[in-house]
Amino acid sequence: MMKNNSRPCPLCGGKKPQNFKVFFDGFVKVYKCCTCGFVAQYPGPGQYTIETNYEDSYSLDFTKKQEFMYPKRRAVLQDIVDRIIENSGPGRILDVGCGDGHFLHLCDKKGFECNGLEYSKQLSSYASTKVSGHIHQGKYEKSTYPEGSFDVITFIQVLEHIPDPISVLKIAHYHLRPGGLLVVEVPSVLAPHFLIYGVTKIKWFVTFKGIIKSHVNYFSPGTLTAFSEKAGFQTKEVITGRWKYKYSGLLRVVASFTDPLMNATGIGGILYFGVKQ
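In this report, the structure presented in the accompanying data block is examined. This structure is a prediction, so every number in the text was calculated from the model and none was measured.

Parameters and conventions
Residues numbered from 1 in each chain as written. Predicted model: local features only at pLDDT ≥ 70, side-chain atom pairs only at ≥ 80, totals over all residues. Heavy atoms only, no water. Helix = DSSP H or I, 4+ residues; strand = E, 2+ residues; numbered from the N terminus. Rg over C-alpha atoms; globule rule 2.2 N^0.38 Å. Buried < 20%, exposed > 50% of the residue type's maximum accessible area, 1.4 Å probe, protein only. Contact = heavy atoms within 4.5 Å. Areas by Shrake-Rupley, 256 points an atom, 1.4 Å probe, with all protein chains shown as cover. Arc of directions from axis to C-beta. Core = buried A, V, L, I, M, F, W, Y, C linked by side-chain atoms within 4.5 Å. Pairing = 2+ DSSP bridges. Axes fitted to C-alpha atoms, helices over the stretch in contact; angles between N-to-C directions. Salt bridge = Lys/Arg side-chain N within 4 Å of Asp/Glu carboxyl O.

## A closer look at the overall build of the chain
Inference 1: Broken down by element type, the chain carries 8 helices and 11 strands.
Inference 2: Its C-alpha radius of gyration of 19 Å places the chain within 12% of the 19 Å reference for a compact globule of 277 residues.
Inference 3: Taking the principal axes of the C-alpha coordinates as reference, the chain spans close to 50 × 50 × 40 Å.
Inference 4: Looking at the chain residue by residue over its 277 residues, the buried ones come to 51%.
Inference 5: Contacts spanning at least 24 positions in sequence make up 68% of the contacts within the chain whose residues lie at least 6 apart.
Inference 6: As presented, the chain carries roughly 12900 Å² of accessible surface, and 54% of it is formed by carbon and sulfur atoms.

## Re the environment of Phe23
Inference 1: Note that Phe23 resides in strand β1 (residues 20-25).
Inference 2: Here the alpha-carbon distance between Phe23 and Tyr197, two residues 174 residues apart in the chain, equals 9.9 Å.

## Here we look at helix α5 (residues 192-200)
Residues that lie three or four places apart on an α-helix share one face, since the helix turns once every 3.6 residues.
Inference 1: Inspection of α5 places His193, Phe194 and Tyr197 among the buried residues, and these make up the whole buried set. End-on view of α5: buried residues confined to an arc of 100 degrees, all on one side of the axis.
Inference 2: On its buried face, α5 sits against β1, α6 (204-207) and β9 (217-218).
Inference 3: One or two residues past the end of α5 sits Lys201, with phi positive at roughly 60 degrees.

## A few points about the nonpolar core
Inference 1: The biggest cluster of nonpolar side chains holds 34 residues, and the ones touching the most others in it are Tyr140, Ile153, Phe155, Leu159 and Leu182.
Inference 2: Elements supplying a minimum of two residues to this core: β2 (29-33), β4 (92-96), β7 (150-156), α4 (165-175), β8 (176-186), α7 (221-230) and β11 (270-276).
Inference 3: Per element, the largest residue contribution to this core is 5 residues, and it comes from α4.
Inference 4: If we ignore the near neighbours within four places in the chain, the residues touching Ile153 are Leu94, Val96, Tyr140, Ala172, His175, Leu176, Leu181, Leu182 and Val183.

## A closer look at the sheet that holds β11
Inference 1: Read across the sheet, 7 strands follow the order β6-β5-β4-β7-β8-β11-β10 without closing on themselves; strand pairing throughout is mixed. Lying at the two open borders of the sheet, with one neighbouring strand each, are β6 (134-137) and β10 (233-240). The average angle at which neighbouring strand axes cross in this sheet is 15 degrees, direction not considered.
Inference 2: Relative to β8, β7 is paired through 6 bridges, and the arrangement is parallel. Among the inter-strand pairings, Val152 is bridged to a residue of β8, identified as Leu181.

## Comments concerning the pairing of β11
Inference 1: Burial analysis of β11 places 7 of its 7 residues in the buried class, which makes it a mostly covered element.
Inference 2: Burial along β11 is two-sided: the face carrying Ile270, Tyr272, Gly274 and Lys276 and the face carrying Leu271, Phe273 and Val275 are both buried.
Inference 3: Bridging between β8 and β11 involves 6 bridges; their strand directions are antiparallel. Paired with Leu182 across the bridge in β11 is Gly274.

## A closer look at the pattern of salt bridges
Inference 1: This structure, assessed with the given rule, holds 9 salt bridges.
Inference 2: One salt bridge in this structure joins Glu67 and Lys130, with 3.3 Å as the shortest N-O distance. One end of the pair, Glu67, is in the loop between β3 (39-41) and α1 (74-88); the other, Lys130, is in the loop between α3 (121-128) and β6, with 63 residues separating them in the sequence.
Inference 3: In this structure Lys130 comes out as partly exposed when scored by relative accessible area, which is 22%.
Inference 4: For Arg242, the salt bridge goes to Glu185, with nearest N and O atoms at 3.2 Å. You can see Arg242 sitting in the loop between β10 and α8 (249-265) and its partner Glu185 sitting in strand β8, a full 57 residues away along the chain.
Inference 5: Assessed through its relative accessible area of 3%, Glu185 is described here as buried.
Inference 6: Residues joined by salt bridges that share partners form a network here, namely Arg73, Asp79, Arg83, Glu185 and Arg242.

Written out as C-alpha cells, the structure is:
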C-alpha cells in the first residue's frame, strides 16, 4: 500500500493508498493501480529510485567494437521502419530519444527526412554522425518544434523511462500534422517472464530482465492504448510479440509460428500505431 504523499497514478489519477498494491518489492518498489491496472514505480515504502536524468549517463565505449550500441536490434528496428512505410510512406520523421541514431540511420536509407531528439550529449553528438538530418540535444518540450512539424513521431524504448507519459504524448500530438502517425515501442508487463512471475511470485524471473531500475512504467497493450487515446490519438494497430525479428536461426523459425498466437493474446513487447485526427 502506498503512503499518502505518493504521486497519483499517471493514467487514472488515483491517489488513495488502498487503490494500489505492491507488484514487485526488491531493489526497486513497483506498484499496480487497482483502478486502471497500470504498473509503475511510485515514491512509497522503500527507496524511491526513479532515474530520469540521462544527459551524461551514457558512454561511447561501444564504438570501439561496433557501430551501434545494440546491433542485434537491427531487424527489430527495420521491421518498425517497414511498418511505418506501409502505414504512411516515407516522410518527415522525429525520433524522440533517438540514442545513437540506429533507428534513424535505417530511416535515412528509406528516404525519410530524419530528425532526432536526444537528451544525452554524447549520444546526440554520435547520432549526428550517423544521420543526414538534424539531431537536437535537449529535453523534449512543446516549444522545441512548431505545431504540425512532422508526419511521423516515434518513441522507441523511451516511454518506459518517462514519469508522465501523457504529457509527452500530448506534446507529440501537437508536433504531428493532422493524420500524422505516432509509433511507440515499449517492453510489456505481459511478457512471458512477467506472466510467470505473476503466477509463481519468484523474483528471479524478472530480476535480470523484467524489472529495470531506470524503467518507471510497465505497460500492457491496454494501458499503453489508454495513455495514447487520452492524449488525443486514435489507435490504428497494436502488435505484440514480434520475436521472429529478435532471434535468429531455429528460434526465429519457431517464432514465425508462435508470433501470431502471441499477437492474438497480447503477449510480448508492444508496438503501437496511433493517428492524430
